[in-house]
Amino acid sequence: MMNRREFLKISGLAGSGFLLGACESRHSRLKSYVERPAHLVPGEPTYFASACDLCPAGCGVMVRVVEGRAIKLEGLPDHPVNHGGLCPLGQGGVQHQYHPDRFRGPRWRANRGAVSEETSWEQAINKLADGLQQAQGALAILVGSQVRGHRYGLLAKLAQAFAAPAPLLVDHFGLEAVRAANVVVFGRPEIPTYDLPNTQLLMVFGDDPFTTGMAPTHYSWGYGLFRRGRETIRGQLAVISTRFGEAAAIADLWIPVKPGTHGAIAQALLGPTVTGGISTALAAALTGAPEERIRALVEKFKQIRPAIALGGGEVLGYTNAVATLIAVNSLNVVAGVLGRPGGVLPAAAPPLTDMVPPPPASYRELVALLERMHAGKVKALLLVGSDPFMAFPAAAKLEEALARVPFIASFATLPDDGAASADVILPDSTFLERWGDSTPLIGTGASVATLMQPAILPFFASRAAEDVILEAARGAGHDLGYANAAAYFKQQWSTLAPDKQVPGHQSSWKQVLRTGGIFHRTPGKLPGRQQPSTLAVSETPAVSLTAPGPAIFSGDPANRPFHLLPLRSLKYRQGLAAHLPWLQELADPMSAAAWGGWIEISPQLADKLGVTLYDEVRVESDHGSLMLGVVLYPGLPENVVGVPLAYSRKQGTRYDSVNTDYVWPATQKADPGRGADVRTLLAPVIEERSGGWAWGATRVSITPTGRKAKLTMVSKQIPPQESPILPHRIKQEFKVWPIG
Amino acid sequence: MADWVSDKSPKGQHRWGMVVDLDRCTGCSACVVACHAENNLAIAGPTDTDEGRSFDWIRIERYWEGDFPDTKAHFVPIMCQHCEAAPCEPVCPVYATYHTPEGLNSMVYVRCIGTRFCQNNDPYNVRFFNWFEPALNFADPLPNQLNPDVTVRSRGVMEKCSFCVQRIRRAEDDARLAGRKLADGEFTTACAQSCSARALVFGDLTDSQSEVSRLAESARRFRLLESLGTNPVVYYLKGGQA
């Protein structure tokens, strides 16, 4: 029998329980349907760790996102490649993302003469699937060399499914010779780690590693520490080049050499006692360099250790590139710095060993592909992150070869000449909008895999190439085994789990999303991973060298008196940056020219030709001719002219097209267009040992036209013999006057 | 405070300054593009760039010396020197450019009436006038890249390096809200952040422990056009063996 007290207790409990229940349910249901995602706070930036894929260097980036818009890219702090810095091209990433000429969606055209028109993704993918099915084994895939991760792996799977040859990486950097020479001297083709921060003497042959080379951010970081990172030691830099470029400007010693004779300086450094070595007098005769400078460098090289010799840039453009680089690499052996701090260390394999793409196809292999196209043996061509026109001189007649391919699909994000030749355009999302990954091109002293994550939603109706390829392959009857791009990359990165670096896959995935990837700084201690092998060190530096010999040039010196030196300006970075208005408008740090191409002529030669700044000249080679505006350049000998590889395109964007009808809205001024590119002039000469393109092997003639050129100069020059090129007011010291 | 800081120093809590180590600069121009990206600098286009109307709050100047083969060149990154005795400030009839208590040579865009007196009086050529509506040259959808923390200037207005004042304010606010002091290196300007070689170092000159103060005491230091008596807060460190 329940008494009154118990009754009250029970009813009270029941009542409060009811009330509590009611409170709970009401609270849990109160959720505004306009609530935004946690990272979308107005005015508050969110940072996503990712990788830049605008060039092959493989820098880590932080994407600053405000309210769903990517507004700035910063270097990822402590990333082994860029250590928090970022190059001008990387900074231009947001302009690549919001470029006004980006493809808004897929396009196709009924026949080759027609203008492409918009289509739906379903139809575009069906068209791709049809193309793949019809081609089967006669499929060729060209991939841009900035693709340095699992994207290549998926394309390789696609090629395998159709029993087609493996995709070819198209390189604009001329790495064939570097790899070939590395095999000979270091025993491995990869670009090793050059320990710049700890070295004391750096000898750079032909290159500008700090601004236009393979990984400018990494070598610039090393350079800063090399100069001023140590309390008492300041590293010394010597540059051996034909043109006085950015590296020569910061060098302690510059040795000017005739085109293609860089190797003779390396031979002189080896000394006449070594087989293949020569005396300084002979080197001076071969290179035309002042002998006292060669002797000064020889002295430094005798006394200073550790010392590093690094070759690239100009050297890669000549027919003796491999032999020259072997001579340069041998200096590291002679210096005894292989595998030592401040020397040359092996490059570590990335923690995900299957992510490294094969070496880029040599120019010779690409020419062989063109021949297959001409012979009608290529039925379908896929262009992924690659504009093949960038990798060929006009003389290679790529257009004619493409005309013989019945089906071309381009995954270009932005209009380029490759996309203009395509039957169907399947615009790829930018690296800020999609999944991906990357591994560095060069040795960095760490084992690196960088993950790319979608920091923002696709801005236009673009789709990641992986998604399109998976779907098209399914349509053509080959399931590659992945649902979509996200699943593909997550699957690839799941192999990390057994590593015990980060226990449990889920947490490791979250961790790499947060940190931007995996960076092992002690690469020798990876459990279960491929151990980085040592370089082939010969303890006794018994280097036996074959003299590089003279470079061969195309064009008769009698009619074509000048060497044409194509310049790899940091503004255009081998064609990867030409579409970005910031990079177009950036003043070239040496010539102060902007927007398009120009020709650098020494003031002495300009006097002889009777031309000066802004004058137009006609430059002619055996392969074509070109009109260019004159820039006076005190850092060139009289018989060499420099023309930047400006990579203007026939059908590019409004900012990098040869001709454009764009009118600048602020001023209503018509854009003059970028003019034809120096690739029109270049001879298709092959470097025999590596099969690379000897892009510096062209001789030209120059005739003034008597007209003024459409040249853009950020700073107007005064010929240096009259007055140093200084802004008037900085040059002149003002008197102190009272302020305020 | 170090003894070389002049007694004309502003009396703010911080005094922002920069050190440019010319021995580290490679001329790579990353700072130039980073500044464009951070500060919504307009694209002038080829013709206007040639006519001297492009915008570069920071630029790499290159000085030639000698003839081939004795050619030499030097890179000098030049931005507003944020002078303590800035010649550009007293000539502004509307106080559009003034000195903040923290030592910034600041521009108030809405006050500017475009007399360009400041540009005329600026010995470093670091002020830029908007002759045309700059926003128009951001073809759609390029405006999406614009930094919402920075005003897009309008026609008839002068603009210049602000030492990324938006970053300073954000960092100061964050520190104040968290109830702590702003730490050295907590934030930096866009140019210094992009610099791979660490040639640019930004920080507080009142903090004697900050990297910028330490570097500014270097024996290699000099300032641009020192004889003008402008007292810049940008210190350059000589390159070469010095």
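These figures come from a predicted structure and were not determined experimentally. Every chain is numbered independently, its residues counted from 1 as its sequence is written. Lettering of chains starts at A and numbering of ligands starts at 1, both following the order in which they are written. Whole-chain, interface and lining totals are the exception, using all residues; otherwise, since this is a predicted model, local features are given only for residues with pLDDT of at least 70 and side-chain atom pairs are given and counted only at 80 or more. The basis for the side-chain values is all heavy atoms of the structure; hydrogens and waters are excluded.

Here we look at the overall build of chain A
And then number 1: Numbering of helices and strands runs from the N terminus, with a helix taken as a DSSP run of H or I at least four residues long and a strand as a DSSP run of E at least two residues long. For chain A, the count of helices and strands is 21 helices and 29 strands.
And then number 2: Burial analysis of chain A (740 residues in total) assigns 62% to the buried set.
And then number 3: For chain A, the share of sequence-separated contacts (at least 6 apart) that also reach a separation of at least 24 residues comes to 71%.
And then number 4: Here, Shrake-Rupley sampling with a 1.4 Å probe gives the accessible areas, and only protein chains in the shown set may cover a residue. Taken as a whole, chain A presents about 27,500 Å² of accessible surface, with 55% of it coming from carbon and sulfur. For the exposure calls, accessible area comes from a 1.4 Å probe over protein chains only, and a residue counts as buried if that area is under 20% of its type's maximum, exposed if over 50%, partly exposed in between. Two residues qualify as a contact provided that any one of their heavy atoms is within 4.5 Å of a heavy atom in the partner residue.

Thoughts on unusual backbone geometry
And then number 1: Of the consecutive residues Arg305 of chain A and Pro306 of chain A, the connecting peptide bond is found in the cis state with omega at -5 degrees.
And then number 2: Relative to the assigned elements, Pro306 of chain A resides in the loop between helix 11 (291-303) and strand 12 (307-311).
And then number 3: Cis geometry is adopted by the peptide bond preceding Pro69 of chain B, which originates at Phe68 of chain B and carries an omega value of 0 degrees.
And then number 4: Even without being a glycine, Gln574 of chain A presents a positive backbone phi close to 60 degrees.
And then number 5: In this fold, Gln574 of chain A is placed in the loop between strand 20 (562-567) and helix 19 (581-585).
And then number 6: Even without a glycine there, the phi angle at Phe163 of chain B is positive, about 55 degrees.

Let's talk about helix 13 (residues 363-374) of chain A
Each α-helix winds once per 3.6 residues, and so residues spaced three or four apart point in a common direction.
Residues and elements named next belong to chain A.
And then number 1: Spanning 12 residues, helix 13 covers 16 Å between terminal C-alpha atoms, matching the ideal 16 Å at 1.5 Å per step.
And then number 2: Buried within helix 13 are the following residues: Tyr363, Leu366, Leu369, Leu370 and Met373. Across the axial projection of helix 13, the buried residues extend over an arc of 110 degrees, all falling on one side.
And then number 3: Next to the buried residues of helix 13 lie strand 6 (139-144), strand 7 (168-170), helix 6 (176-186), strand 14 (380-384) and helix 14 (398-403).
And then number 4: Two residues or fewer past helix 13, Gly376 is found with a positive phi of approximately 75 degrees. One less than the residue count of a helix, multiplied by 1.5 Å, gives the span that helix is expected to have. This arc describes the spread of directions from the helix axis toward the C-beta atoms.

A closer look at the pattern of salt bridges
When the charged atoms of two side chains lie near each other, side chains of opposite charge can form a pair.
And then number 1: The term salt bridge refers to a pairing of a side-chain nitrogen on Lys or Arg with a carboxyl oxygen on Asp or Glu at a separation within 4 Å. In total, this model carries 50 salt bridges over all chains according to the counting rule given.
And then number 2: Close ionic contact of Glu299 of chain A with Lys302 of chain A constitutes a salt bridge, the shortest N to O distance being 3.7 Å. Of this pair, Glu299 of chain A and Lys302 of chain A both sit in helix 11, separated by three residues, roughly a single helical turn.
And then number 3: Given the relative accessible area of 38%, Glu299 of chain A is considered partly exposed.
And then number 4: The class for Lys302 of chain A is exposed, based on a relative accessible area of 59%.
And then number 5: Asp677 of chain A is the salt-bridge partner of Arg679 of chain A, the closest N and O atoms lying 2.9 Å from each other.
And then number 6: The exposure class assigned to Arg679 of chain A is buried, which follows from its relative accessible area of 7%.
And then number 7: Residues joined in a network through salt bridges with shared partners are Glu44, Arg64, Lys72 and Glu74 of chain A together with Glu38, Asp149, Arg167 and Arg170 of chain B.

Remarks on the confidence of the model for chain B
All names here are of chain B.
And then number 1: The predicted model of chain B averages 92 in pLDDT, with 95% of residues at 70 or higher.
And then number 2: Across residues 1-7, where pLDDT falls below 50, the model places 11 contacts with residues more than four positions away in sequence or in other chains.
And then number 3: Model confidence for the complex: the whole-complex pTM is 0.91, and ipTM, which rates the interface, is 0.94. Along the chain, pLDDT gives the predictor's confidence residue by residue, from 0 to 100.

A look at the sheet that holds strand 9 (residues 221-222) of chain B
Residues and elements named next belong to chain B.
And then number 1: By the convention used here, strands pair only if DSSP detects at least 2 bridges between them. Read from one edge of the open sheet, four strands run 8-1-10-9, paired in mixed fashion. Unpaired on one side and paired on the other, strand 8 (200-204) and strand 9 mark the two borders of the sheet.
And then number 2: Alignment of strand 1 (residues 16-21) against strand 8, held across five bridges, turns out to be antiparallel. When the sheet's bridge partners are listed, Trp16 is paired in strand 8 with Asp204.

Things to note about the interface of chain A and chain B
And then number 1: Listed by partner, the interface residues are 99 residues for chain A and 84 residues for chain B.
And then number 2: Here the quantity called buried area is the accessible surface, traced with a 1.4 Å probe, that two parts lose on coming together, added over both. Here chain A meets chain B over a buried area of about 7,300 Å², counting both sides, of which 57% is carbon and sulfur.
And then number 3: Across the salt bridge formed by Glu38 of chain B and Arg64 of chain A, the nearest N and O atoms sit 3.5 Å from each other.
And then number 4: The term polar contact refers here to a pair of N or O atoms within 3.5 Å; inside protein, the definition further demands a hydrogen-donor-capable atom paired with an acceptor-capable atom, and it admits residues adjacent in sequence only when both atoms are side-chain atoms. Between the two partners, chain A and chain B, sit 27 residue pairs in polar contact (both at pLDDT 80 or more).

Here's the deal with the nonpolar core
And then number 1: Here, nonpolar core refers to any group of buried Ala, Val, Leu, Ile, Met, Phe, Trp, Tyr and Cys residues whose side-chain atoms link them within 4.5 Å. Counting residues in each nonpolar core, the largest one holds 247 residues, and the members touching the most others are Met203, Phe205 and Ile599 of chain A together with Phe163 of chain B.
And then number 2: When neighbours within four sequence positions are excluded, Ile599 of chain A is seen to be in contact with Val617, Val619, Leu628, Gly629, Val630, Val631, Val641, Gly642, Val643 and Ile702 of chain A.
And then number 3: By size, the runner-up hydrophobic cluster in this structure holds 47 residues, among which are Ala124, Leu128, Val147 and Leu169 of chain A.

Overview of the packing of aromatic side chains
And then number 1: Each pair of aromatic rings taken from Phe, Tyr and Trp, with Trp reduced to its six-membered ring, is defined by centres within 6.5 Å and is described as stacked if the planes are under 30 degrees apart, edge-to-face if over 60, and tilted in the remaining cases. Scanning the model with the defined rule gives 24 aromatic pairs over all chains in all.
And then number 2: Aromatic pair Trp16 of chain B and Phe187 of chain B: ring centres 5.4 Å apart, planes at 75 degrees, arrangement edge-to-face. Within this pair, whereas Trp16 of chain B is found in strand 1, its partner Phe187 of chain B is found in the loop between helix 4 (165-177) and helix 5 (190-194), the two being separated by 171 residues in sequence. You'll find Trp16 of chain B and Phe187 of chain B in the same group, each marked buried.
And then number 3: Here the aromatic cluster, defined as three or more aromatic residues joined through ring pairs, consists of Phe244, Trp254 and Tyr633 of chain A together with Trp64 and Phe68 of chain B.
And then number 4: Over the ring of Phe301 of chain A we find Arg305 of chain A, and its NZ or CZ is 4.7 Å from the ring centre. Geometrically, a lysine NZ or arginine CZ counts as sitting over a ring once it is within 6 Å of the ring centre and also within 35 degrees of the ring normal.

Topic: the packing of helix 9 (residues 262-270) of chain A against helix 11 of chain A
Residue and element names in this part refer to chain A.
And then number 1: Contact geometry of helix 9 with helix 11 gives a least axis separation of 9 Å together with a crossing angle of 50 degrees. In this view, helix 9 runs oblique relative to helix 11, as classed from their interaxial angle. Crossing of helix 9 over helix 11 shows right-handed handedness. Seen from helix 9, the contacting residues are Ile265, Ala268 and Leu269; seen from helix 11, they are Ile294, Leu297, Val298 and Phe301. For helices, the fitted line uses only the C-alpha atoms of the stretch in contact; every axis is such a line through C-alpha atoms, and the angle between N-to-C directions lies from 0 to 180 degrees. Note on terminology: angles under 35 degrees are roughly parallel, angles over 145 are roughly antiparallel, angles of 65 to 115 are roughly perpendicular, and the others are oblique. For any pair of crossing helices, the crossing counts as left-handed if the nearer helix is rotated counterclockwise from the farther one by less than a right angle, and right-handed if it is rotated clockwise.

Concerning the sheet that holds strand 18 (residues 447-452) of chain A
All names here are of chain A.
And then number 1: Spatial strand order, 17-18-19: three strands in an open sheet with antiparallel pairing. The open sheet is flanked by strand 17 (436-438) and strand 19 (517-520), the only strands paired with a single partner. Taking the axes of each pair of neighbouring strands and ignoring which way they run, one obtains an average angle of 20 degrees across the sheet.
And then number 2: Bridge count for strand 17 against strand 18 is three bridges, and the pairing is antiparallel. Bridge pairing in strand 18 places Ser438 opposite Thr450.

A closer look at the side chain of Asp423 of chain A
Residues and elements named next belong to chain A.
And then number 1: Positionally, Asp423 belongs in the loop between helix 15 (417-420) and strand 16 (424-425).
And then number 2: Within polar-contact distance, the side chain of Asp423 engages the backbone nitrogen of Ile408 at 2.7 Å.
And then number 3: Look past the residues within four positions of Asp423 in its chain and what remains in contact with it is Arg107, Trp108, Arg109, Arg112, Lys127, Pro406, Phe407 and Ile408.

Observations regarding the environment of His520 of chain A
Residue and element names in this part refer to chain A.
And then number 1: Structurally, the position occupied by His520 is in strand 19.
And then number 2: Its relative accessible area of 11% is what places His520 among the buried residues.
And then number 3: Between the C-alpha atom of His520 and that of Lys708, which follows or precedes it by 188 residues, the distance is 56 Å.

Some points on the pairing of strand 6 of chain A
All names here are of chain A.
And then number 1: Most of strand 6 is tucked away: six of the six residues are buried.
And then number 2: Of the two faces of strand 6, the one lined by Leu139, Ile141 and Val143 and the one lined by Ala140, Leu142 and Gly144 are each fully buried.
And then number 3: In the sheet, strand 6 pairs with strand 14 via five bridges, with the strands oriented parallel. The residue of strand 14 that forms the bridge with Val143 is Val384.
And then number 4: Direction of pairing for strand 6 relative to strand 7: parallel, over a ladder of three bridges. From the neighbouring strand, Val143 faces strand 7, where its bridge partner is Leu169.
And then number 5: Convention used here: a crossover is right-handed provided that the path from the first strand, over the helix, to the second strand proceeds clockwise when the strands point away from the viewer. Where the polypeptide runs from strand 6 across helix 5 (residues 150-161) and back to strand 7, its parallel neighbour, the crossover connection is right-handed.

Quick word on helix 11 of chain A
All names here are of chain A.
And then number 1: Across its 13 residues, helix 11 extends 19 Å between first and last C-alpha, which sits within 8% of the 18 Å expected from 1.5 Å per residue.
And then number 2: The set of residues buried in helix 11 consists of Arg293, Ile294, Leu297, Val298, Lys300 and Phe301. Buried residues of helix 11, viewed axially, fall in a sector of 160 degrees; they line one side. Exposed positions of helix 11 whose direction lies more than 90 degrees from the buried face are Glu292, Lys302 and Gln303.

A few points about the packing of helix 10 (residues 280-287) of chain A against helix 11 of chain A
Residues and elements named next belong to chain A.
And then number 1: Orientation of helix 10 relative to helix 11, taken along the N-to-C sense of each, is 130 degrees, at an axis distance of 9 Å. Judged by the angle between their axes, helix 10 and helix 11 are oblique. When the axes of helix 10 and helix 11 are compared, the crossing they make is right-handed. Every residue of helix 11 that contacts helix 10 at Thr280, Ala281, Ala283, Ala284 and Thr287 is listed here: Glu291, Ile294, Arg295 and Val298.

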